[in-house]
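Understanding the architecture of this molecule
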Amino acid sequence: MQAQIEIKPRWERRKDARPQELLAAALDLFVERGFASTRLEDVAKRAGVSKGTLYLYFANKEELFKAVVRETIVPTLGEAEQNIAAFEGGSAELLRDIILAWWNKYGATKLSGISKLMVAESGNFPELARFYNAEVIERGNAMIVRILERGIARGEFRAVDPVILTRVLTAPIIMLMMWTHSLVPCKNAVIDPHLYLATFIELTLRGLRPDGAADTASLQAAAVAP
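Some points on the overall build of the protein chain
- Counting its regular elements, the protein chain contains 12 helices and zero strands.
- When its helices and strands are written in sequence order, the protein chain yields α-α-α-α-α-α-α-α-α-α-α-α.
- Here the protein chain, with 226 residues, has 38% of them falling under the buried criterion.
- Here the analysis covers contacts within the protein chain between residues at least 6 apart in sequence; of these, 69% occur between residues at least 24 apart.
- By element, 56% of the accessible surface of the protein chain is carried by carbon and sulfur atoms, the whole surface being about 13,200 Å².

Next up, the structure:
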């Protein structure tokens, strides 16, 4: 007689994998539905566990969201910080590499849907906005500032305000992520992200060249404008 094989429930078979399965399910639903519309019971169902099991790992939806950010986005930031610290080449190459790596590992993936979520829902969830700002935005901005300061100190970039320029540089990347998750389904609204980023990086590096003449008159006028 052939032995009967006992098939256990998914959550019983893979007990050690539960947190990662829950985080993967949560990421999918947060990106698809947004934070407000994502229900914990739906996360549990997609992960193949009971809602009670989910509460063994995460106290509420806010903590689940924070765990998603810390487990999926923050490690990419840590890797980029290590790459910056170890890089020995020119600052222009470093800035290009970091922008492209960020896009490939974050912007071009479902993770960038979290950025859209924060833009859309941060006003209704200010505590989550503060968390995301501290864990992701401030840390990412600090990396760009560090690269700009490096280039200025080495004479590879002209003197600029690295904090202000960082905000200028991050805006087009955020726009590309928003566009990808909002208007790409429209047939005539497709943007080639590789061409977009190549153009953006070329313009940025041209503007940072030490032999480039800064428009000091415009900067001074802006500084005193009411």
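From this point, the narrative continues.
A word on the packing of helix H7 (residues 91–107) against helix H9 (residues 126–153)
- The contact between H7 and H9 brings their axes to 8 Å, and the two run at 155°. In terms of their interaxial angle, H7 and H9 are classed as roughly antiparallel. For the pair H7 and H9, the contacting residues are Ser91, Leu94, Leu95, Ile98 and Tyr106 in the first and Tyr132, Ile144, Ile147, Arg150 and Gly151 in the second.
- Considered class by class, the residues forming the contact of H7 with H9 number seven nonpolar, two polar and one charged.

Quick word on H7
- Every buried residue of H7 is listed here: Ser91, Leu94, Leu95, Ile98, Ile99, Trp102, Trp103, Tyr106 and Gly107. On an axial view of H7, the arc spanned by its buried residues comes to 160°, and they lie on one face.

Observations concerning the packing of aromatic side chains
- Applying the stated criterion across every chain yields a total of five aromatic pairs.
- With a centroid separation of 5.4 Å and an interplanar angle of 75°, the aromatic rings of Phe30 and Phe65 are classed as edge-to-face. Taken together, the positions of Phe30 in helix H2 (residues 18–33) and Phe65 in helix H5 (residues 61–72) put the pair 35 residues apart, joining distant regions of the chain. A single burial state applies to Phe30 and to Phe65, both of which are buried.
- Note on Phe35 and Phe125: the rings are 4.7 Å apart at their centroids and 75° apart in plane angle, and the pair reads as edge-to-face. Residue Phe35 is located in the loop between H2 and helix H3 (40–47), and its partner Phe125 is located in the loop between helix H8 (113–121) and H9; the two are separated by 90 residues in the primary sequence.
- Members of the aromatic cluster, connected to one another through ring pairs, are Phe30, Phe35, Phe65 and Phe125.
- Of note, Lys61 hangs over the ring of Phe35, and the distance from its end group to the ring centre comes to 4.6 Å.

A short note on the nonpolar core
- Within the largest apolar cluster, 58 residues are counted, with the highest numbers of intra-cluster contacts made by Phe30, Phe65, Ile73, Ile114 and Tyr132.
- Other than its neighbours up to four places away in sequence, Phe30 contacts Phe35, Thr38, Lys61, Leu64, Phe65, Val68, Ile114 and Leu117.

What about the pattern of salt bridges?
- Inspection of every chain in the model, using the stated rule, returns 14 salt bridges.
- Between Glu41 and Lys51 there is a salt bridge, with its nearest N and O atoms 3.3 Å apart. Here Glu41 is found in helix H3, whereas its partner Lys51 is found in helix H4 (residues 51–57), with 10 residues between them in sequence.
- The exposure class of Lys51 is partly exposed, given its relative accessible area of 35%.
- Put simply, Glu156 and Arg154 hold a salt bridge, and the shortest N to O gap is 3.2 Å.

What about the environment of Asn141?
- As for its placement among the helices and strands, Asn141 is situated in helix H9.
- For the pair Asn141 and Pro162, spaced 21 residues apart in sequence, the C-alpha to C-alpha distance is 9.8 Å.
- Every residue in contact with Asn141, bar those within four places of it in the chain, is listed here: Thr166, Arg167 and Thr170.

Here's the deal with the environment of Glu93
- Tracing the sequence through the fold places Glu93 in helix H7.
- Glu93 sits 112 residues away from Leu205 along the chain, and the two C-alpha atoms are 9.4 Å apart.

A closer look at the confidence of the model for the protein chain
- On average, the protein chain scores 86 in pLDDT, and the residues at 70 or more come to 82%.
- Residue range residues 1–13 is modelled with pLDDT below 50. Its contacts to residues more than four positions away, or to other chains, number 10 contacts.
- Residue range residues 215–219 is modelled with pLDDT below 50. Its contacts to residues more than four positions away, or to other chains, number zero contacts.

Some remarks on helix H11 (residues 193–208)
- Its 16 residues give H11 an end-to-end C-alpha distance of 22 Å, which sits within 8% of 22 Å, the value for a rise of 1.5 Å per residue.
- Among all positions in H11, only Tyr196, Leu197, Phe200, Ile201, Thr204, Leu205 and Leu208 are buried. Down the axis of H11, the sector holding all buried residues measures 150°, keeping them to one side. Exposed and facing more than 90 degrees away from the buried side of H11 are Leu195 and Leu203.
- The N-capping residue of H11, defined by a side-chain oxygen 3.0 Å from the backbone nitrogen of His194, is Asp192.

Definitions and limits used
Numbers given for residues are sequential positions, taken from 1 along each chain in its written order. Per-residue local features of the predicted model are confined to residues with pLDDT of at least 70, and side-chain atom pairs are confined, for both listing and counting, to 80 or more; whole-chain, interface and lining totals are unaffected and use all residues. Processing note: side-chain calculations cover all non-hydrogen atoms of the structure and skip hydrogens and water entirely. What counts as a helix is a DSSP run of H or I of at least four residues, what counts as a strand is a run of E of at least two, and both are numbered from the N terminus. With a 1.4 Å probe rolled over the protein chains alone, any residue whose accessible area is under 20% of its type maximum counts as buried; one over 50% counts as exposed, and the rest are partly exposed. Contacts are assigned to residue pairs with any non-hydrogen atoms lying within 4.5 Å of each other. Throughout, the Shrake-Rupley method with a 1.4 Å probe supplies accessible areas, and for residues the shown protein chains are the sole cover considered. Working convention: axes come from line fits to C-alpha atoms, limited for helices to the stretch in contact. Angles between N-to-C directions cover 0 to 180 degrees. Throughout this description, any angle smaller than 35 degrees is read as roughly parallel, any larger than 145 degrees as roughly antiparallel, any in the 65 to 115 degree range as roughly perpendicular, and the remainder as oblique. Here the term charged refers only to Asp, Glu, Lys and Arg, the term nonpolar to Ala, Val, Leu, Ile, Met, Phe, Trp, Tyr, Cys and Pro, and the term polar to all other amino acids, Gly among them. By arc we mean the arc of the directions from the helix axis to the C-beta atoms, nothing more. For this analysis, a ring pair means two rings from Phe, Tyr or Trp (six-membered ring only for Trp) whose centres lie within 6.5 Å, classed as stacked if their planes differ by under 30 degrees, edge-to-face if by over 60, and tilted for the remaining angles. We call a charge positioned above a ring when the Lys NZ or Arg CZ atom is no farther than 6 Å from the ring centre and deviates by at most 35 degrees from the ring normal. Put simply, buried Ala, Val, Leu, Ile, Met, Phe, Trp, Tyr and Cys residues joined by side-chain atoms within 4.5 Å make one nonpolar core. Salt-bridge detection follows one rule: a side-chain nitrogen of Lys or Arg within 4 Å of a carboxyl oxygen of Asp or Glu. As a per-residue quantity, pLDDT reports the predictor's confidence and falls between 0 and 100. Expected span, for any helix, means 1.5 Å times one less than how many residues it has. The definition of a polar contact used here is a pair of N or O atoms within 3.5 Å, where within protein one atom must be able to donate a hydrogen and the other to accept one, and adjacent residues in sequence count solely through side-chain atom pairs.

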